[in-house]
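Here is what each chain is made of, one letter per residue.
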Amino acid sequence: MSSISLPPGLAGPIGSPAQPSGEAPPRLPREAPKFWLAIVLSQTVRRTGARIGLAWVAVVVFCAVFAPFLANSRPLLIKQNGAWSSPVIQSMNWADVALLLLTAIAITLFFLRRILSGRWLAISTLGSIFIVPIVCYHVFPEQDNARLGRFRQMQASGELQNVVWAPIRYSPEDHQRDSFDRNRPHPQKPSDANALGTERIGASVLSRMIHACRIALAVGFIAEGIAVVIGVIVGGLMGYFAGWVDLLGMRLVEIFSSIPSMYLLLTFVAFFGRDLYLIMVIIGITSWTGYAYFTRAEFLRLRKQDFVLAAVASGVPTWRVLFTHILPNGLTPVLVSLSFGVASAILVESTLSFLGLGPEDTASWGSLLNQAVAAGGGFYWWLATFPGIAIFLTVFSYNLIGEALRDTLDPRFQGRAR
Amino acid sequence: MLNYVIRRLLLIFPTLIGITLVVFGTMSLSPGGVGANLLSEEGSMRPQEREARRKYLNQRFGLDKPFVVQYGRWLNNVLPIGWKYNDAGVSTGVGFKVPDLGRSFVRERPVVDMIAESLPATLLLNVLTIPFIYAIAITSGVYAAKNQGKWMDVGTGTAFLALWSIPSMWAGVMLIGFFASKDYVQIFPTGGLHSTESGTMQFLPAWGANGFSRGYLLDAVWHLTAPVLTMTYGGFAFMSKVMRASVLDNLSADFVRTARAKGVSDRVTLFRHVLRNSILPLITMASSLLPGLLGGSIIVERIFSINGMGRLGLTAIEQRDSEVVLSITLVASMLTLTSILIADFCYTIADPRVSYE
């Protein structure tokens, strides 16, 4: 990945002034100058593999954001004593609100992307990612999940004049005790009431799978976000300063890549407990070496180039040389490994959940898969098949996107984008 | 070469110290530190028992000493070479010794014994898996590269990406659920490495008085098929893609054009010139494959009820047997380190151009 041929017209580094020429420059369409990254991304999106991958990721994102409206024991709308109300909205917790708000902000920014400058886009994106969840966490209290079946009872007793249910009528925590049948113990096969069956303590599998999209996305992005930050900083310093910093850094990379991360995760879970955020941090801490490696190679390549020397000569502080001059030019290989990294982080989390060491009481694909083979030798095929397909499709999608990105960047594939 | 070997061996030490620091740091930074199991079970322990454990922890870790001393003491204990102490805690000099990985308080046994029992199963799984991965990857990679752009190549490319994305726990659960159950198809055994009656079997399969007996060897093969299959497919799918890219790279290299121009046949070019150069990235890749394989064997051991290190670790976590968990991580890291080293040496043998002067 050391030599990447640039698309025509972009042979210079980002931000370098246009080549002065004697003749009148040809009239260009009035458009903001595009980042190389933007060009790479738009070329990637044209590939079939990337489109399939993005489509499935979009489905997962949709399920994650609108989970309470898709699967909930509380109706979307009820009419009680002549007045309409919405139990779903009344019972939203901070994560629901934060996700909806972030989605709204993301859509707004997408439409404003031509008006706002790149810097403001970056600041508002990063700002809202950090601020919105914190604000929501302090404003909206955690809701209790007690008596989730009460709306079904109210409807049965005729207390409600009108009810609009969510497409799936069960919350992930709803163990359906009101419909418990001694002759049909849980887990139950797929039926009319539960399209994909129920799990061991009676919650709807489909509902849990929809809510589990959140964990999959969160682990993918938070864990790999941490890994990218560590990897880019370490790799950048190694590549830019070279010499003994590089030697020391490479030893660090070697140490971390020779620790089998699965065993380290087990150790951490054993000593610190089964906490979702801790698991994300550990995945991040153990998987940064790949990013460091790629960033180092890019920085080594760029450190003696003219635009960097010019920046240093004109007295730009070192951190700005590193992060505003070199980094944007050396970010693309990181993007490829980020896509593969998100896939493997999702895999690691579902593996932990499968081993029974994942976060407690949270809906997760891996923990559903864990219940498929009973200790007594029984096999509940619906608990193996559906969550397994969900994990597989998500991992496959990220890998497809990663491969499309790599093909776009690969000079051998230039001009053969399909 | 000798120079390189020595340098490589010297570099183990910083890596070793780094790994042990991470492992020990995890333990001592955790809530309650090393002595946590003393506190959490305080109520349920008899006074003498607690006193014995406290004495053990103080002697082993020196809990009243600063972190550096604690770490040094622990490191000295787990290394196979260092200061030896007798039972009374008096130094008897420097030399080789049996590494002391601590005691399991749940099973009342030294951890070294428990690991010695479970390590062979894990090693067997991993050692069996690697040749399969490489054989399939090299064959299919060369085949795909030879037919570059044809539908076979494109098809296997996507199929291998899909295969690589299949979580191994899903594959394992589906295999054991559908192919080892009375309700569906019963091809594979439900778990373990041997049948219970394998002790009385003769070694090789044979036709006896009462029909066919599969013998010890075939019995083991039968038990190993599903676990090895689960561990193999992801690896060869990934490696095959690496191999294909590498063969393609070499096919367009100058030395291949020269060989063709001299009139060397396609076959000889491919197998004598290209293949040897193309395997090099696969050897490099081994260093990232091996930690993954070791981690994957935890899942496989769990699904197929094989008494290996991963299963030992999982039970230890459930029982909060901290020193067992710690030792297993340490042993797994050592294994990875050793295998990376072996891969490095293989690389220098396979590629005479590599010089580390």
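Look up: the structure comes first, before these words.
Described below are features of the structure shown in this document. (Residues numbered from 1 in each chain as written. Chains lettered and ligands numbered in written order. Predicted model: local features only at pLDDT ≥ 70, side-chain atom pairs only at ≥ 80, totals over all residues. Heavy atoms only, no water.)

Next up on the list: the sheet that holds strand β3 (residues 160-164) of chain A. All names here are of chain A. Spatially, β2-β1-β3 is the arrangement adopted by the three strands of the open sheet, whose pairing is antiparallel. Because the sheet does not close on itself, it has two edges, and the strands there are β2 (83-85) and β3. Each adjacent strand pair in this sheet contributes to an overall mean axis angle of 15 degrees, direction not counted. Bridge analysis of strand β1 (residues 77-80) against β3 gives four bridges, and the strand direction is antiparallel. Bridge assignment links lysine 79 to a residue of β3, and that residue is asparagine 162. (Pairing = 2+ DSSP bridges. Helix = DSSP H or I, 4+ residues; strand = E, 2+ residues; numbered from the N terminus. Axes fitted to C-alpha atoms, helices over the stretch in contact; angles between N-to-C directions.)

This part covers the pattern of salt bridges. Counting across every chain of the model gives 11 salt bridges over all chains. The closest approach of N and O atoms between Arg214(A) and Asp96(A), which form a salt bridge, is 2.7 Å. Residue Arg214(A) is located in helix α8 (residues 205-241), and its partner Asp96(A) is located in helix α5 (residues 94-111); the two are separated by 118 residues in the primary sequence. The pair formed by Arg214(A) and Asp96(A) is uniform in burial state, with each residue classed as buried. A salt bridge links Asp246(A) to Arg296(A), with the shortest nitrogen-to-oxygen separation between them at 2.6 Å. Placement of Asp246(A) in helix α9 (residues 243-257) and of Arg296(A) in helix α12 (residues 289-302) is noted, with a sequence separation of 50 residues between them. Judged by relative accessible area, which is 17%, Arg296(A) ranks as buried. One salt-bridge network, in which partners are shared between bridges, spans Glu403(A), Arg406(A) and Lys241(B). (Salt bridge = Lys/Arg side-chain N within 4 Å of Asp/Glu carboxyl O. Buried < 20%, exposed > 50% of the residue type's maximum accessible area, 1.4 Å probe, protein only.)

Attention now goes to a nonpolar patch on the surface. Where nonpolar side chains cluster on the molecular surface, the patch consists of Leu126(A), Ile129(A), Phe130(A), Ile131(A), Val135(A), Val139(A) and Phe140(A) and spans about 680 Å² of accessible area. In this fold, Ile131(A) is placed in helix α6 (residues 118-139). (Patch = residues over 30% accessible without salt bridge, like charges linked within 9 Å, V, L, I, M, F, W, Y side chains within 5 Å. Areas by Shrake-Rupley, 256 points an atom, 1.4 Å probe, with all protein chains shown as cover.)

Purely geometric stuff here, so don't read any function into it on its own.
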